[in-house]
Amino acid sequence: MNNFQYIRTTSTKAAIDAVAKDPDARFIAGGTNLLDLMKRGIVSPEKLVDISRLPLNKIEREASGVRIGAMALNSEVAENAFIKEKFPLLAQALQAGASAQLRNMATVGGNILQRTRCHYFYDTSLPCNKREPGTGCGALEGNNHMHAIFGFSEKCIAVHPSDMCVALAALDATVLVSGPTGDRKIAFADFHRLPGDKPHVDTVLEKNELITAVTLPDSPFTKNVHYLKVRERASYAFALVSVAAGLQLENDTIQRACLAMGGVAHKPWRLASAEKALIGKKVTEATFRQAAEIAMQGAKSFEHNAYKLKLAPNAIVQALKTAAGIA
Amino acid sequence: MTDHQPDDNNSEGLDESRRDFLKHSSLLTAMALTPSTVLKAASSQWDERLAGAFEKISLSLEVNGTKHSLAIEPRVTLLDLLREQLALTGTKKGCDYGQCGACTVHVDGRRVLACMSLAVMQEGRKVTTIEGLAGGDTLHPMQEAFVKHDGLQCGYCTPGQIMSAVACIREGHANSAEEIQEYMSGNLCRCGAYPNIVAAIMEVKKEGKKL
Ligand SMILES: Cc1cc2nc3c(=O)[nH]c(=O)nc-3n(C[C@H](O)[C@H](O)[C@H](O)COP(=O)(O)OP(=O)(O)OC[C@H]3O[C@@H](n4cnc5c(N)ncnc54)[C@H](O)[C@@H]3O)c2cc1C
Ligand code: FES
Ligand code: FES
């Protein structure tokens, strides 16, 4: 790993200033993604600004919903009693991510901004438009078994690897951001980008902007929820496909639904039309199968990931059945 | 270099850019310069010796109850610090990329991966490694249980497994074999000692001793 200048501060403003001033400076929070990329020479910042001690780690109830500080650890959020009670889908998704050790290090802000795990992105000897714009997408004609079935472009078919973000997408989160010129709020659905012809830009966050918190509105999905993660081993592996599903039921009629998928696109993939299609329907496998068909409209596979065209709808049905208690 | 050659220990002779730099750096606690910034420093007429002196950062850290005052490069991981500077080689380097758990240690009571932690970021914290677990010649109950249940073959993953196992019980995630498997999944064992590791943890949990 190349050496770098290290700066630690407990002032949010000083941290933002330090990164704003230097084009080669980066924030570091838990370091579990950034150090990985630095050790492999994928990124080599000249200056790291340590934000792990900024006073942004609280999980606070708000008049409506909750505010989760960007520095809160993944394990703290997953184990928080209020989150477990009111946002169990988020707790489940976090618990499904990485390992107990990594969750004790990873922060909410860092999790949102983690980069793809695409092998071509990770191997600096191979082409990758995300790592090095203009070199081409190695996965397009290469080994693409982990790759996207929605929202990709011919420039990039990588997927976003986060579990937490799938739940945040389903639960209508908002990302709070501070920059040199002030604060702004970004709806979670708008935060991550599709690759288009700029796959090296993952999100709409500017380089010198700091995520300070994530907020969630009050959620009706407190009971009938399930985060289903399908992976190549039982634990401690990234998702091939994951589904965050929540149902608000009255007897066996669906009042509201939330549904999002991971492992299928360049961003957490919200399934809004499938959610709508569930409203007013009875809880049956047929209802869920129909919603899954709607969710899969427009999906397209590559040479090695055609299995996702079957796996994804089956995972949606299974997650909904488990959420509804009829699995 | 410029015509004035300031004395290392005396800030009087500093030119404007250095003065500016020191002002900003004390504001932000800037603590180190990269070699490339050293080059920049030279071109912007800073004194090379001064820049050089910034390469190592002081760090105070408590490891297994002993306080250390150290000087390290910012890029040194906690794992390399423990193994190479403090000669605590019980903590193992399996992958160095957060993928195996062999480097598991406790920082302020939390289990973390030493290979994915920058040592400088641990300033003021308390680190416990496998060497700090036993009380003198008396093995820790988890160590005893690993011996009794044959929780190892080659032993390379064992320090990490034991540190993780102790935390797993303390966190309250050792209530069933399934729960232990899930919460111990961050520790890989190439020898496949998993069933015996789970048995060891179950026994320690059942004994109910305070760990
Ligand atoms: C072996 C392994 C397995 C994993 N498995 C999973 C998994 O199954 N599921 C999953 O979801 N994740 C998984 N992860 C990824 C893990 O969740 C992320 O690495 C972690 O969430 C990143 O958080 P961090 O705080 O460590 O980020 P860092 O590494 O500190 O930062 C990541 C990026 O975000 C930027 N950043 C961090 N915080 C902020 C902020 N507040 N504002 C602005 N920029 C910021 C940094 O500059 C950097 O570019 C795994 C990681 C490893 C190493
Ligand atoms: S050496 Fe740290 S996880 Fe493998
Ligand atoms: S005992 Fe050999 S790797 Fe676990």
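Structure: above.
What comes next concerns the included structure.

Thresholds applied
- Residues numbered from 1 in each chain as written.
- Chains lettered and ligands numbered in written order.
- Predicted model: local features only at pLDDT ≥ 70, side-chain atom pairs only at ≥ 80, totals over all residues.
- Heavy atoms only, no water.
- Axes fitted to C-alpha atoms, helices over the stretch in contact; angles between N-to-C directions.
- Helix = DSSP H or I, 4+ residues; strand = E, 2+ residues; numbered from the N terminus.
- Parallel < 35°, antiparallel > 145°, perpendicular 65-115°, else oblique.
- Left-handed = near helix turned anticlockwise from the far one by under 90°.
- Contact = heavy atoms within 4.5 Å.
- Nonpolar A, V, L, I, M, F, W, Y, C, P; charged D, E, K, R; others polar.
- Near = heavy atom within 4 Å.
- Polar contact = N/O pair within 3.5 Å; in protein donor to acceptor, adjacent residues only side chain to side chain.
- Areas by Shrake-Rupley, 256 points an atom, 1.4 Å probe, with all protein chains shown as cover.
- Buried area = accessible area lost by both parts, 1.4 Å probe.
- Salt bridge = Lys/Arg side-chain N within 4 Å of Asp/Glu carboxyl O.
- Phe/Tyr/Trp six-rings, centres within 6.5 Å; stacked < 30°, edge-to-face > 60°.
- Buried < 20%, exposed > 50% of the residue type's maximum accessible area, 1.4 Å probe, protein only.
- Lys NZ or Arg CZ within 6 Å of the ring centre and 35° of its normal.

### Observations regarding the packing of helix α6 (residues 158-170) of chain B against helix α8 (residues 194-207) of chain B
Residues and elements named next belong to chain B. The N-to-C vectors of α6 and α8 enclose an angle of 40°; their axes lie 10 Å apart at closest approach. In terms of their interaxial angle, α6 and α8 are classed as oblique. In this structure, the crossing between α6 and α8 has a hand that is right-handed. Together, Gln161, Ala165 and Ile169 of α6 and Ile197, Ile201, Val204 and Lys205 of α8 make up the contact between the two elements. Of the residues belonging to the contact of α6 with α8, the class tally is five nonpolar, one polar and one charged.

### Focus: the site of ligand 1
Near ligand 1 lie 36 residues; those nearest to it are Phe27(A), Gly31(A), Thr32(A), Thr107(A) and Asp163(A). Lying at an intersection of chains, ligand 1 is approached by residues of chains A and B. Within the backbone of Gly31(A), an N or O atom sits 2.7 Å from an oxygen atom of ligand 1. When ligand 1 is considered free in solution it has 980 Å² of accessible area, and contact with the protein chains removes 96% of it. Elements with a minimum of two residues in the shell around ligand 1: β2 (25-28), α7 (108-112) and β8 (210-216) of chain A. Residues belonging to the shell around ligand 1 are distributed by class as follows: 17 nonpolar, 14 polar and five charged.

### Structural notes on the interface of chain A and chain B
Counting from both sides, the interface comprises 41 residues of chain A and, opposite them, 47 residues of chain B. Buried area between chain A and chain B, both sides added, is near 3700 Å², and the carbon and sulfur share of it is 53%. On the chain A side of the interface with chain B, the three residues burying the most area are Asn3(A), Lys39(A) and Gln101(A), jointly 19% of the side's total. Residue Arg110(B) is joined to Glu76(A) by a salt bridge in which the shortest nitrogen-to-oxygen separation is 2.9 Å. Where chain A packs against chain B, one counts 19 residue pairs in polar contact (both at pLDDT 80 or more). Residue assignment for the side of chain A that touches chain B shows that the elements contributing at least two residues are β1 (5-8), α1 (12-21), α2 (34-39), β3 (47-50), α3 (74-79) and α6 (100-103) of chain A. Class assignment for the residues of the side of chain A that touches chain B results in 16 nonpolar, twelve polar and 13 charged.

### Considering the packing of aromatic side chains
Evaluation of the coordinates by the stated rule reveals four aromatic pairs over all chains. Measuring from ring centre to ring centre gives 6.3 Å for Phe82(A) and Phe87(A), while their planes differ by 70°; the resulting arrangement is edge-to-face. Residues Phe82(A) and Phe87(A) agree in their burial class; the two are buried. Over the face of the ring belonging to Tyr97(B) we find Arg40(A), whose NZ or CZ atom lies 3.9 Å from the ring centre. The side chain of Lys300(A) reaches across the aromatic face of Phe302(A), ending 5.1 Å from its centre.

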